[in-house]
Amino acid sequence: MNESTILKCENLTKIYGNEDNKTIALDDVSFSVKKGQFVSIIGASGSGKSTLLHLLGGVDKPTSGKVIINNIDIHQLIEDQLAEFRRKEIGIIYQFYNLLPIMNVKENIILPCQLDKRKVDEKELNDLIHVLGLENRIAHLPNQLSGGQQQRVAIARAYAAEPEVLLMDEPFGALDAQTRTQLQTELLETWQREKKTCFFITHDVEEAIILAQTVI
């Protein structure tokens, strides 16, 4: 990979099942992405979007092919190495927020850093909280937040861990139209500030065009 390329897929294929009952979820997919790029992945339900994201994030293994992040073929790592790589280099935001109910907003945001015994940059954290409009919710538990606020916390948690690559699997799909529009704006502001490499899955073409520099 050249210096500006952070992620590369080479002939990525994923097949579920066996010869008698197999599903080809991905078929020989190849592309590369530059550092700091915002990429939307669009397609109908069942087209392989989430499968691709899971392979990029090391959550699932390909049948064949490679995922190379920062010159590391992640699927050649042993289990412990891959788990550490995922924690430090990859942030994943799902449609459902996966916040810990017994922790308040700040505790949920800084949890990944604490798990790796990394010091939290308080200024960066406060800037992130401000951009996402969470200043007045920092001591609240998840059940005291709206859906949109919980998703903001999930976004902040992913960014606070300072990953090289951020993967988002239809993160606004469960939200109402007004909240979705607000979060699109806040996500773009956060990306423009942080310049992380982002992959955003959606089936909404308009959303893909609003957010991304590149559409797959």
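For the structure itself, consult the block above.
The rules behind these values
- Residues numbered from 1 in each chain as written.
- Predicted model: local features only at pLDDT ≥ 70, side-chain atom pairs only at ≥ 80, totals over all residues.
- Heavy atoms only, no water.
- Helix = DSSP H or I, 4+ residues; strand = E, 2+ residues; numbered from the N terminus.
- Contact = heavy atoms within 4.5 Å.
- Pairing = 2+ DSSP bridges.
- Axes fitted to C-alpha atoms, helices over the stretch in contact; angles between N-to-C directions.
- Buried < 20%, exposed > 50% of the residue type's maximum accessible area, 1.4 Å probe, protein only.
- Polar contact = N/O pair within 3.5 Å; in protein donor to acceptor, adjacent residues only side chain to side chain.
- Salt bridge = Lys/Arg side-chain N within 4 Å of Asp/Glu carboxyl O.

**Q** Requested: an account of the environment of Gly148, with residues and values cited.
**A** Position of Gly148 relative to the elements: it lies in helix H5 (residues 147-160). Placed 27 residues apart in sequence, Gly148 and Leu175 show a C-alpha to C-alpha distance of 6.7 Å. Those residues in contact with Gly148 that lie beyond four places of it in its chain are Leu175, Thr179 and Leu183.

**Q** Residue-level account of the sheet that holds strand E7 (residues 165-169), with values.
**A** Read across the sheet, five strands follow the order E6-E7-E8-E3-E9 without closing on themselves; strand pairing throughout is parallel. Each having just a single partner strand, strand E6 (90-93) and strand E9 (214-215) make up the two edges of the open sheet. In this sheet, strand E8 (residues 197-202) lies alongside E7 in parallel orientation, the contact comprising five bridges. Bridge pairing links Leu167 to Phe199 in E8. Together, E6, E7 and E8 form the strand contacts of H5, whose direction differs from that of E6 by roughly 175°.

**Q** Kindly report on the side chain of Arg152, identifying the contributing residues and their values.
**A** Here Arg152 is to be found in helix H5. Judged by relative accessible area, which is 8%, Arg152 ranks as buried. In terms of polar contacts, Arg152 uses its side chain to reach the backbone carbonyl oxygen of Leu132, at 3.3 Å.

**Q** Help me get a handle on the pattern of salt bridges, residues and values and all.
**A** Per the stated rule, a full pass over the model turns up 13 salt bridges. Between Glu122 and Lys106 there is a salt bridge; the shortest N-O distance is 3.5 Å. Placement of the pair is Glu122 in helix H4 (residues 122-131) and Lys106 in helix H3 (residues 105-115), with a sequence separation of 16 residues. One salt-bridge network, in which partners are shared between bridges, spans Lys123, Glu124, Asp127, Arg193 and Glu194.

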